[in-house]
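Descriptive analysis of the structure
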Amino acid sequence: MSEGGFEIGKDGSTVIVVGVDGSPPALHAAAWAGGLARRERAKLVLVYVEPIASPAYWTAMGMAGATEAASAFVDEIRKDAAAYLEHAGIPWELVHYRGDPAHGLEAIAEERRADCIVVGRSRHGGGLVGSVPKMLIKDAKRPVVVVP
């Protein structure tokens with residue numbers, strides 16, 4: 001048992017974190033996590049991690065453009081999430097984090113005291129599972145669900 005009597009996932013799920021980036025695997029993960037949140041009557045925390053290692057961030061002009069594009073993307077996620085999740089009666093919030101995706105998802109999960117993290121199978125290198133799910137699983141402090 002951790003501080004304050006909180007045990008991850010011991011009484012069912014109360015908070016579920018899901019990584020969203022617009023990719024098909026992330027959409028599948030969000031749909032699966034949304035269904036879990038509805039069944040468990042849990043809060044769904046959608047997390048968009050804006051990776052700042054891109055060459056777009058190497059110049060002030062590039063950074064401004066990338067930041068503007070990320071903000072527009074977050075607004076689009078918020079609109080889509082509201083249409084689906086509010087209709088389904090699922091409490092939710094959207095968090096925009098900048099940095100490493102695996103670290104960002106774990107940091108938000110820790111901050112929100114999430115019972116699990118749900119991610120889609122990565123579309124980038126890292127083998128069959130992908131680098132972000134692999135890092136989350138390797139350093140897991142809570143269950144990690146990888147949705148194909």
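So, a few notes on the structure that sits alongside this text. (Residues numbered from 1 in each chain as written. Predicted model: local features only at pLDDT ≥ 70, side-chain atom pairs only at ≥ 80, totals over all residues. Heavy atoms only, no water.)

**A few points about the sheet that holds strand S2 (residues 43-50)**
One open sheet holds the 5 strands; their spatial order is S3-S2-S1-S4-S5, and the pairing between them is parallel. For this open sheet the edge positions go to strand S3 (92-98) and strand S5 (144-147), each flanked by a neighbour on one side alone. Strand after strand, the sheet turns through a mean of 25° between neighbouring axes, direction not considered. Sheet topology places strand S4 (residues 116-120) next to S5; 4 bridges connect them, and they run parallel. Bridging across to S5, Gly 120 finds its partner in Val 147. (Pairing = 2+ DSSP bridges. Helix = DSSP H or I, 4+ residues; strand = E, 2+ residues; numbered from the N terminus. Axes fitted to C-alpha atoms, helices over the stretch in contact; angles between N-to-C directions.)

**Examining helix H3 (residues 101-112)**
Counted at 1.5 Å a residue, the expected span for H3 with its 12 residues is 16 Å, and the 16 Å between its end C-alpha atoms agrees. Considered for burial, the residues of H3 that qualify are Ala 102, Gly 104, Leu 105, Glu 106, Ile 108 and Ala 109. Each element contacted by the buried residues of H3 is listed here: strand S1 (15-19), S2, S3, S4 and helix H4 (131-138). Sitting at the amino-terminal end of H3 is Asp 100, which places a side-chain oxygen 3.3 Å from the backbone nitrogen of Ala 102. Phi for Arg 113, located one or two positions after H3, is positive at around 60°. (Expected span 1.5 Å × (residues − 1). Buried < 20%, exposed > 50% of the residue type's maximum accessible area, 1.4 Å probe, protein only. Contact = heavy atoms within 4.5 Å. Polar contact = N/O pair within 3.5 Å; in protein donor to acceptor, adjacent residues only side chain to side chain.)

**Re the packing of H3 against H4**
The contact between H3 and H4 brings their axes to 8 Å, and the two run at 45°. Comparing the axis directions of H3 and H4 gives the class oblique. Judged by the twist between their axes, the crossing of H3 over H4 is right-handed. Contact with H3, carried on its side by Pro 101, Ala 102, Leu 105 and Glu 106, involves Val 132, Met 135 and Leu 136 of H4 and no other residues of that element. (Parallel < 35°, antiparallel > 145°, perpendicular 65-115°, else oblique. Left-handed = near helix turned anticlockwise from the far one by under 90°.)

**A short note on the nonpolar core**
In terms of nonpolar packing, the biggest core is built from 23 residues, with Ile 16, Val 18, Val 20, Leu 44, Leu 46 and Val 118 touching the most fellow members. Those residues in contact with Leu 44 that sit more than four places away from it in its chain are Ile 16, Val 18, Ala 33, Gly 34, Ala 37, Leu 85, Ile 90, Pro 91, Trp 92 and Glu 93. One finds Val 49, Leu 105, Ala 114 and Val 119 within the second-largest nonpolar core, a separate group that totals 14 residues. (Core = buried A, V, L, I, M, F, W, Y, C linked by side-chain atoms within 4.5 Å.)

**Looking at unusual backbone geometry**
In this structure, Arg 41 takes a positive phi of about 55° despite not being glycine. Here Arg 41 shows up in the loop between helix H1 (24-40) and S2. A residue is classified by how much of its surface remains accessible, and Arg 41, at 74% relative accessible area, is exposed.

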